[in-house]
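Each chain, written out:
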Amino acid sequence: MTLVMKFGGTSVGSSEAIQRTSEIVCDTQRDWSQLVVVVSAMSGVTDLLHEGAATAAAGNATAYREVANNLRRRHFKIISDLLPSSPEGQQLTAELDKFVERYESLCKAVLVLGELTPRALDAMTSIGERMSIRLLAAILRHQGHSAQAIDATELIVTDDSYQNAVPDLEKTKASTEARLRPLLDEGVVAVVTGFVGANEQGITTTLGRGGSDYSAAILGQALEALEVWIWTDVDGVMTADPRLVPEARTINTLSYREVAELAFYGAKVLHPKTIRPVIENDIPLRIKNTFNPQGAGTRIIQNSIQRNGKIKAVTAIRNLSLINVEGKGMLGVPGIAARTFGAVADSKVSVLLISQASSEQSICFAVPTGAADSVIASLEGEFSSELIRRDIDRIVAKENVAIVTVVGAGMQGTPGISGRLFSALGDQRVNIIAIAQGSSECSISMVVEEDDTAEAEKAIHALIVS
Ligand code: ADP
Ligand code: ASP
Ligand code: MG
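The structure contained in this document is the topic of the report that follows. (Residues numbered from 1 in each chain as written. Chains lettered and ligands numbered in written order. Predicted model: local features only at pLDDT ≥ 70, side-chain atom pairs only at ≥ 80, totals over all residues. Heavy atoms only, no water.)

What about the site of ligand 1?
For step 1, the next point in the chain: Among the 16 residues in the neighbourhood of ligand 1, the closest are listed as Lys6, Thr232, Asp233, Met238 and Arg243.
For step 2, the next point in the chain: Side-chain polar atom of threonine 232 to an oxygen atom of ligand 1: 2.7 Å apart, as the coordinates give it.
For step 3, the next point in the chain: Interatomic distance of 3.4 Å between a backbone N/O atom of valine 269 and an oxygen atom of ligand 1.
For step 4, the next point in the chain: Here ligand 1 has 580 Å² of accessible area as a free molecule, and 90% of this is covered by the chains.
For step 5, the next point in the chain: The residue makeup of the shell around ligand 1, split by class, is seven nonpolar, four polar and five charged. (Near = heavy atom within 4 Å. Polar contact = N/O pair within 3.5 Å; in protein donor to acceptor, adjacent residues only side chain to side chain. Areas by Shrake-Rupley, 256 points an atom, 1.4 Å probe, with all protein chains shown as cover. Nonpolar A, V, L, I, M, F, W, Y, C, P; charged D, E, K, R; others polar.)

Description of the site of ligand 2
For step 1, the next point in the chain: Taken together, Ser40, Thr46, Glu129, Phe195, Arg209, Gly210, Gly211 and Ser212 form the complete shell of residues around ligand 2.
For step 2, the next point in the chain: Take serine 40: an N or O atom from its side chain is 3.3 Å from an oxygen atom of ligand 2.
For step 3, the next point in the chain: Contact between ligand 2 and glutamate 129: a nitrogen atom at 2.6 Å from a side-chain N or O atom of the residue.
For step 4, the next point in the chain: Alone, ligand 2 offers 260 Å² of accessible surface; in the complex the protein occludes 85% of this.

Comments concerning the pattern of salt bridges
For step 1, the next point in the chain: Taken as a whole and assessed by the stated rule, the structure comprises 23 salt bridges.
For step 2, the next point in the chain: Where lysine 6 meets aspartate 213, a salt bridge forms, and the shortest distance between an N and an O atom there is 2.7 Å. Linking lysine 6 in strand β1 (residues 2–7) with aspartate 213 in helix α7 (residues 212–222), this pair joins segments that are 207 residues apart in sequence.
For step 3, the next point in the chain: Classification of lysine 6 as buried rests on a relative accessible area of 7%.
For step 4, the next point in the chain: Close ionic contact of glutamate 227 with arginine 286 constitutes a salt bridge, the shortest N to O distance being 3.2 Å. Here glutamate 227 is found in strand β7 (residues 227–232), whereas its partner arginine 286 is found in strand β9 (residues 285–289), with 59 residues between them in sequence.
For step 5, the next point in the chain: Since its relative accessible area comes to 17%, glutamate 227 is described here as buried.
For step 6, the next point in the chain: The network of salt bridges with common partners includes Glu95, Arg130, Arg134 and Asp151. (Salt bridge = Lys/Arg side-chain N within 4 Å of Asp/Glu carboxyl O. Helix = DSSP H or I, 4+ residues; strand = E, 2+ residues; numbered from the N terminus. Buried < 20%, exposed > 50% of the residue type's maximum accessible area, 1.4 Å probe, protein only.)

Re the sheet that holds β9
Whether parallel or antiparallel, the strands of a sheet pair through hydrogen bonds between backbone atoms.
For step 1, the next point in the chain: Taken in spatial order, the eight strands of this open sheet run β3-β4-β2-β1-β7-β9-β10-β8, and their pairing is mixed. Two strands close off the open sheet at either side, each with one partner strand: β3 (147–150) and β8 (253–255). Strand-to-strand twist of the sheet, defined as the mean angle between neighbouring strand axes without regard to direction, takes the value 20 degrees.
For step 2, the next point in the chain: Here six bridges tie β1 to strand β2 (residues 34–39), and the two strands are oriented parallel to one another. Looking at the pairing, methionine 5 lines up with valine 37 of β2.
For step 3, the next point in the chain: Along the sheet, helix α5 (residues 118–142) makes contact with β2, β3 and β4 (189–193), crossing β3 at roughly 175 degrees.
For step 4, the next point in the chain: The strands that helix α8 (residues 256–264) touches are β8 and β10 (298–301); relative to β8, the one it contacts most, it runs at about 85 degrees. (Pairing = 2+ DSSP bridges. Axes fitted to C-alpha atoms, helices over the stretch in contact; angles between N-to-C directions. Contact = heavy atoms within 4.5 Å.)

Set out below in structure tokens:
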């Protein structure tokens, strides 16, 4: 019976939080014979590591030293709180200090070169998780449990796409079975770095920001775990981001499809890539609150109960641009859409939403604002002759837009949902710029002005709780 549990940054962000996390691990161990605990860096640490690296690349020789001292302070405080004047505490202090020294020397190298490569950045940012697993494992041992910290560089085999590495399932399965199973068989709790992997040459890679959830799902799949639990700082997946909509409520059950849509369209509570490994193996997923472990949390399963006509949740992504390719000469010409999205793919940008209006002969799609210039340049290259001939009139970006998405499999086949949504937004004077509905009818996405996002989320949320 294998369970994989992942604890996010806030769950290891302070002495109190780590204490709670270790209690949860101890309690859970009573019911599960094999336990893998995936851990993020302490909250804010990955950002700090990034910041120090970037300032070093920009020629600042002092900022990264401040970051290093900050790292020491935060980690050593936990050691002095939870492992006071113990030999394990001293040993751990020395071990963590080596990681900080390594970070400083990498920053020094970046400073000298004046260049920060994606590969170097992965080596640097992985240090946050390497430190947090050692902390948690030492605390568990101190409390009498058998626990071992393991770098996922030994487990998750990826390609070379630094900062967004893609795991190889077969190789990951083989190395995870070989490395973890004997420990698990002996009843050792394996405390594993989230976010981190390594390519076949053993060079460190990372899975993308927020990727520790994905690490847990990958290990769950590799070990054929019975369940995967994600422990975070809220009571599960909620009807909206509770930071933006205080009335948000916890959702008891969601289907994989529903949560995949929510995660893709901005609900930070789960990394969007987490779903595929668990869905492929039909592994139930739970989201729970480290600070309220008694709460039921959210269960994610194949098919959730469908309440007809019900919208379950609303989410939003900000900071987007809507790119419009327009021209009378596009009408009925085959291949324009394929060439448009081919050009977007060439600029390595993924599209979040597409909408086409044939009457106006235009294709529009949303991309992150930071990517808009390169996407437009790529499209202008692809359609240079059409632009000269005026078959395509213009390629423009509308900035400062957001996508607001409503999710709920119960909306399927229910007439009038869109009408209710649009009138709720109309009542708040929120203008809808574009709309897209997945063919599954599990989600409807609307593009709005960024300034209208909060109003739109609140207006839609009122429909959910009514
Ligand atoms: P962790 O560090 O545990 O991975 P994250 O900060 O990545 O935690 O994700 C949890 C946060 O996601 C919550 O604190 C909450 O503000 C945010 N969030 C956004 N949308 C939702 C939602 N629909 N349900 C729950 N939390 C959400
Ligand atoms: N520590 C990493 C990040 O902040 C991964 C994670 O927390 O999931 O992006
Ligand atoms: Mg997260």
